[in-house]
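# Descriptive analysis of the structure
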Amino acid sequence: MTLTTTRSGAAHAAPVKGKDRSRRSEALWGLAFIAPTGLGLAVFYLWPVLQTAYFSLTEWGAFGGHTWTGFDNYLRLAGDPEVGQALRNTLLYTALGLAAIPLAIVFAALLNVKGLRGVGAYRTLFFLPVVTMPVAIAMVWRWLYNGDYGLINHLLALVGLDGPNWVSDPATALYALVVVGVWSSLGYNLIIFLAGMQAIPKEYYEAAAIDGAGPIRQFFKVTVPLLSPTAFFVSVVSVIGSLQLFDLVYVMSGSGAAARANPAFPRLQTVVQLFYDRAFVTNDRGYAAAIVMMLLVIIIALTVLQFRLQRRWVHYG
Amino acid sequence: MRKWTRVGAGVFGAIVALSACSSGTGSGAGTQAPKEASGPVTLSYAVWDANQKPVMEELAAEFSKANPTVKVQVQLTPWADYWTKLKAAATGGAAPDVFWMNGPNFQLYASNGVIRPIEEQVDASVYPKPLVDLYTYQGKLYGLPKDMDTIGVWYNKTLFDAAGVPYPKDGWTWTDFQQAAAKLTDAGKGVYGTAAQLGSFQEYQYNTITQAGGYVISPDGRKSGYDDPKTIAGLKFWTDLITAKHSPDLKTMTDTTPLQLFEAGKIAMYWGGSWNVTEFSGNDYTKDKVDVAPLPKGEKQATIIHGVANVMSAKTAHPAEAWSFVKFLGSKQAADLLGKKGPIPAYTGTQGDWVGAHPEFKLQTFLDAVSYAAPFPVSKNTAAWNEAELTQLTKAWTGEVPVEQAAATLAATMNDLLAKE
C-alpha cells in the first residue's frame, strides 16, 4: 500500500491516479473484511505465542511475577530425562498414526464400491467416533482394556488366552493408545479420501478398463496416484494432531495427578501432557512455556519437511 | 482430539492474556466499591463442591439476614477446574472476595500475598489444632476451618463373616491388620484383604508413615523425611502387602480403582475418609454390608486430618464485609447448620448431627480420631513434590526398585524442590 501511495504522489496523469484510488479503496475494503478474523487471530493466537516465547525465557511463578533467566529453561530442557521420554513417546505415536493412514484409503475404497448396499449406514458408523467426545471415547476404551473385567480380555479368555493389563502394562500401553487414536480418527481421514476418490474423473477408469486393468490394478495405478494430494493433506493434519496429543492420554492413563501412579505412565506421557503438568500442576510456567516452544519448533520443522518431500510423491492431476 | 488440544493451548493463552491486562473485569464486587457509607455490597464466594452449594447458599442467606446491606453470591467451580481458574483469576487481580482453600494449596497463596491474614484476635481453640496450624503461615492465621475429615478402615462385614474373621476392634495393631488381610484374601474368588493404593496419600501412606513414627516433611518445611528409616517402614507396610499378594498389584489397581473393587466385594478392608459416608450409604452393595473401624496402631496411633478453610482475597474491595462473612462461616451457628447437611463441621462440639445422620455406621470413630490426628504435610509448593512422590514410589510399588532406594531418590528430589521454594 505504501508503494501505491508514493507512486500516485508522483506527477502522473489523472486517469492513473483514479485507477490507483480505486485500487486503494479495494485494498482497504479487503482489509476491513479480514479484520475481524485477523484481529481475533492476532489477539488470541499471535499475541499469546509471542508472550509464551517471552515467558519461556523467564522463571514464572504461580501468580505471574516473572524474572528474566535467559536460556536457562532451554538448557534445563536439554538435560531433562522426562522431556526426552515424552518426546520419544509422542514421536512414536505420530509415526504409528502415520503408518495407519493406508488403512483409511482401503476402507474409503471399499465404501466407494458402486452398488454397495447400506453404504450410508457404513459411512455413519465409521464417522461416529469423529463426532464423539474424545473424553467419552477414552473412558469407554479404558473399560474395554481393563485387565480383569474388560471385554477384550474376556473374549481372549474364551479362546484360552490371558490378556495383559493393556493400558497399565508398560509393554502394551502406547500401542493400546495408538489403536484408539487410529480408530477415532479413521472416520475423518476416510471421509476426506472418499471425497478425493469421487473427484477422480471416471474417464481414467474407463480408459484403464479398456486397456485391460482389473479393479485391483485400477486401484493401484489410477486411484492411489491421483489420491496423493489428499494423502498429503491427511498426513500433514495427522502429524500435527498426533504431536499435540493430550486428552486421550490424560483420561486413559488415569486422569490428572493420579496418572503418575500408573506403572505405564513413563510410556504414555506426551509432550503436551508434560507441558500441562508443569504449567498447571507444579507451577513451573516459564519452563512449561519452553516445552511448548520446543513443540512449536518441532511441528513447524516436520511440516516444512513434509512440504519439501511432497515433490517426490505427490501427483497433481 | 485436535479440538481438545487446542482448548488446552487456549486455556494457557487465556491465562497469558489475563495476566497481560492485569486490571481484569472484577469479580462482581470490585466494580461498586462504596468506600465510606454502608451501601449495598455484594461479596463473591467461590466453592468447588456441587453437593454443598445449597448449604453454602443457605449460610449466605443467613448471613444477609444479620447484615442486610451485604449480599453473598455463591460461585460454584467444579473441583477439576477450581484451582486452574482461581490461579488465573488471582493472577489477573480478580479473585473472588471469599473462597474455599485446602491444605496443599494454602502456603502457595499465603506466601504470594494472594490471601489476606486475619487481623482480629480470634479464639482458635474451638477448632482442632492441626487444622489451625495448617492455615497458619509465618505466625499469622489466614483462614477459619470450615470442615474436617479423618481416615478410618471401612470393612466389608459379609467378607469378614465368610472368612470367619472377627471385626476390627478399637486399639487393633498393624499385626492384627496384616493377619486379618491374610485370612481375608481368597485368590480363587479374586478377593483381597486390602488394597495398597498409591494415588491417594491422605488415606494411605501419610497415615502409616506417621504411625511408624516417621515424617513426610520436617516441621519447618525445609527437609524431606523420606530417607528416614521409620518413614520407609511406613511405606513398606503397603509394599509388603502387595508382595504377599494380600493386595492387588499396581496394574490391577490402575485398571480398577480400590474404591470400585471395594464396592464390588473384591476388597475386604478399604482405607477411606469420613467423606466416603455419602458414597457408601448411597451404594446398593455397600449400604448394608460395610462399617468403619479406627486405623490400626503402628508404633503409635495416628490418622491424618485435613479440612477446608474459608479465606479472603488480599485484593478484595470489601475487606471488612469479607472478614465478617468469614467470621460468620467459622461460627457455631454456621457449623450447626453445616453439620445437618454437609461434611463434619470443624467447630468442636457441633458434630452430633453428622454422627446421628447415619446410625448404620460407627461414625463416632472419625471424631474419636481427632484426639490423635496428625497434620496434613504441606509446604509452599506442595504440588511439586506430590508429583515426585508418585513418580518415584510407582517404581517401588511395581517392585522395579527396592522401597529404600525409591525413598532415597524421592528424598533427594524433594529436598531439591524444597530448596527452590
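Residues numbered from 1 in each chain as written. Chains lettered and ligands numbered in written order. Predicted model: local features only at pLDDT ≥ 70, side-chain atom pairs only at ≥ 80, totals over all residues. Heavy atoms only, no water.

### Remarks on the overall build of chain B
Along the backbone of chain B there are 18 helices and 15 strands. Each principal axis of the C-alpha atoms in chain B carries an extent, and together these give about 70 × 45 × 45 Å. Across the 421 residues of chain B, 55% fall into the buried class. The long-range fraction of contacts in chain B, counting pairs at least 24 apart against all pairs at least 6 apart in sequence, stands at 75%. Summing over all exposed atoms, chain B offers an accessible surface of approximately 17100 Å²; the carbon and sulfur share of this is 53%. (Helix = DSSP H or I, 4+ residues; strand = E, 2+ residues; numbered from the N terminus. Buried < 20%, exposed > 50% of the residue type's maximum accessible area, 1.4 Å probe, protein only. Contact = heavy atoms within 4.5 Å. Areas by Shrake-Rupley, 256 points an atom, 1.4 Å probe, with all protein chains shown as cover.)

### Digging into the sheet that holds strand E1 (residues 41-47) of chain B
As a general point, the strands of a sheet are linked pairwise by backbone hydrogen bonds and lie either parallel or antiparallel. Residues and elements named next belong to chain B. Strand order in the open sheet formed by five strands is E2-E1-E3-E13-E6, and the pairing between neighbours is mixed. Bordering the open sheet on either side are strand E2 (70-76) and strand E6 (143-145), each of which pairs with just one other strand. Direction aside, the axes of adjacent strands within the sheet are offset by 25° on average. Judged from the three bridges that link them, E6 and strand E13 (residues 309-312) form a sheet pairing that is antiparallel. (Pairing = 2+ DSSP bridges. Axes fitted to C-alpha atoms, helices over the stretch in contact; angles between N-to-C directions.)

### Focus: the UniProt feature "transmembrane region" (unreviewed entry) in chain A
Residues and elements named next belong to chain A. In this numbering, the UniProt entry assigns the feature "transmembrane region" (unreviewed entry) to residues 27-47, 91-113, 125-145, 173-195, 226-246 and 286-305. Taken end to end, residues 173-195 has its terminal C-alpha atoms 34 Å apart, with 100% of it in helix and 0% in strand. Across residues 226-246 one finds 81% helix and 0% strand; the C-alpha atoms that close the span lie 34 Å apart. (UniProt positions renumbered as here; feature names shortened; annotations may be inferred.)

### Points about the interface of chain B and chain A
Chain B puts 39 residues into the contact, and the matching count from chain A is 46 residues. Taken together, the two surfaces of chain B and chain A that pack against each other cover about 3800 Å², and 63% of this comes from carbon and sulfur. Where chain B touches chain A, the interface holds three salt bridges. Of the charged contacts, one joins Glu387 of chain B and Arg260 of chain A as a salt bridge, the two residues approaching to 3.5 Å between their closest N and O atoms. Viewed at the interface, chain A and chain B are joined by 14 residue pairs in polar contact (both at pLDDT 80 or more). Those elements giving two or more residues to the side of chain B that touches chain A turn out to be helix H1 (2-20), helix H3 (79-91), helix H4 (103-111), helix H10 (250-255), helix H11 (258-263) and helix H17 (382-398) of chain B. (Buried area = accessible area lost by both parts, 1.4 Å probe. Salt bridge = Lys/Arg side-chain N within 4 Å of Asp/Glu carboxyl O. Polar contact = N/O pair within 3.5 Å; in protein donor to acceptor, adjacent residues only side chain to side chain.)

### Quick notes on the confidence of the model for chain B
Across chain B, the average pLDDT comes to 90, with 91% of residues at 70 or higher. Low pLDDT, under 50, characterises residues 1-37 of chain B; the stretch is placed with 55 contacts to residues that sit more than four places away or in other chains. (pLDDT = per-residue confidence, 0-100.)

### Quick look at the domain arrangement of chain B
Residues and elements named next belong to chain B. Taken domain by domain, chain B comprises domain 1 (39-149 + 306-375) and domain 2 (151-214 + 227-302). Its C-alpha centre places domain 1 at a distance of 30 Å from the equivalent point of domain 2. In this complex, domain 1 contributes 14 residues to the contact, which on the side of domain 2 involves 21 residues. Summed over both sides, the interface between domain 1 and domain 2 buries roughly 1400 Å², with carbon and sulfur atoms accounting for 66% of that surface. Considering only the surface of domain 1 that becomes buried against domain 2, Phe361, Phe366 and Tyr372 emerge as the three largest contributors, covering 45% of it. (Domains from an automatic or database assignment.)

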